[in-house]
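Each chain is listed here by its residues.
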Amino acid sequence: YKLFKEGKSIKQIALERTLVPGTVEGHLAHYVREGLIDVKELIDKEKYKKIASLADELDTLNLGQLKAELSNDFSYREIRMAVSGIMAERDKEE
């Protein structure tokens, strides 16, 4: 979290911490879910809107189901981050 807030990329953090990028992404998704990182710092705003809209339409946050419905222009990383952002937004509403 600290390294990301210092402006380092996922790849840079992974190298510095000797982790794979997917592990760093998982950590950052946690902080998105907690509301400490705005999801739009990690994925494009328009992609987020499309993923959130589809999640509402399908009434699911299942990554596999969302990925199956989205084009190949959307990565699992983007979907994972978006789902964390959606969950954070829902928590704010409660």
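Each remark here, short or long, concerns the structure printed above.
Read on for a plain summary of the structure. (Residues numbered from 1 in each chain as written. Predicted model: local features only at pLDDT ≥ 70, side-chain atom pairs only at ≥ 80, totals over all residues. Heavy atoms only, no water.)

**Examining the packing of helix α3 (residues 21-33) against helix α6 (residues 76-93)**
Remark: α3 packs on α6, axes separated minimally by 8 Å, with the N-to-C direction vectors making an angle of 20°. With respect to their mutual orientation, α3 and α6 come out roughly parallel. The two elements α3 and α6 cross, and the hand of that crossing is right-handed. Two secondary-structure elements touch here, α3 through Gly22, Glu25, Gly26, Leu28, Ala29, Val32 and Arg33 and α6 through Arg77, Arg80, Met81, Ser84, Gly85, Met87, Ala88 and Asp91. Class assignment for the residues of the contact of α3 with α6 results in six nonpolar, four polar and five charged. (Axes fitted to C-alpha atoms, helices over the stretch in contact; angles between N-to-C directions. Helix = DSSP H or I, 4+ residues; strand = E, 2+ residues; numbered from the N terminus. Parallel < 35°, antiparallel > 145°, perpendicular 65-115°, else oblique. Left-handed = near helix turned anticlockwise from the far one by under 90°. Contact = heavy atoms within 4.5 Å. Nonpolar A, V, L, I, M, F, W, Y, C, P; charged D, E, K, R; others polar.)

**So, the packing of aromatic side chains**
This model, assessed by the stated rule, comprises one aromatic pair. Sitting over the face of the ring of phenylalanine 74, lysine 47 holds its NZ or CZ atom 5.3 Å from the ring centroid. Sitting over the face of the ring of tyrosine 76, lysine 67 holds its NZ or CZ atom 5.7 Å from the ring centroid. (Phe/Tyr/Trp six-rings, centres within 6.5 Å; stacked < 30°, edge-to-face > 60°. Lys NZ or Arg CZ within 6 Å of the ring centre and 35° of its normal.)

**Notes on a negative patch on the surface**
Taken together, the side chains of Asp38, Glu89, Glu93 and Glu94 present a region of like negative charge at the surface. Here glutamate 93 is to be found in helix α6. A relative accessible area of 68% means that glutamate 93 is categorised as exposed. (Patch = residues over 30% accessible without salt bridge, like charges linked within 9 Å, V, L, I, M, F, W, Y side chains within 5 Å. Areas by Shrake-Rupley, 256 points an atom, 1.4 Å probe, with all protein chains shown as cover. Salt bridge = Lys/Arg side-chain N within 4 Å of Asp/Glu carboxyl O. Lys, Arg positive; Asp, Glu negative; His and termini not counted. Charge placed at Lys NZ, Arg CZ, Asp CG, Glu CD. Buried < 20%, exposed > 50% of the residue type's maximum accessible area, 1.4 Å probe, protein only.)

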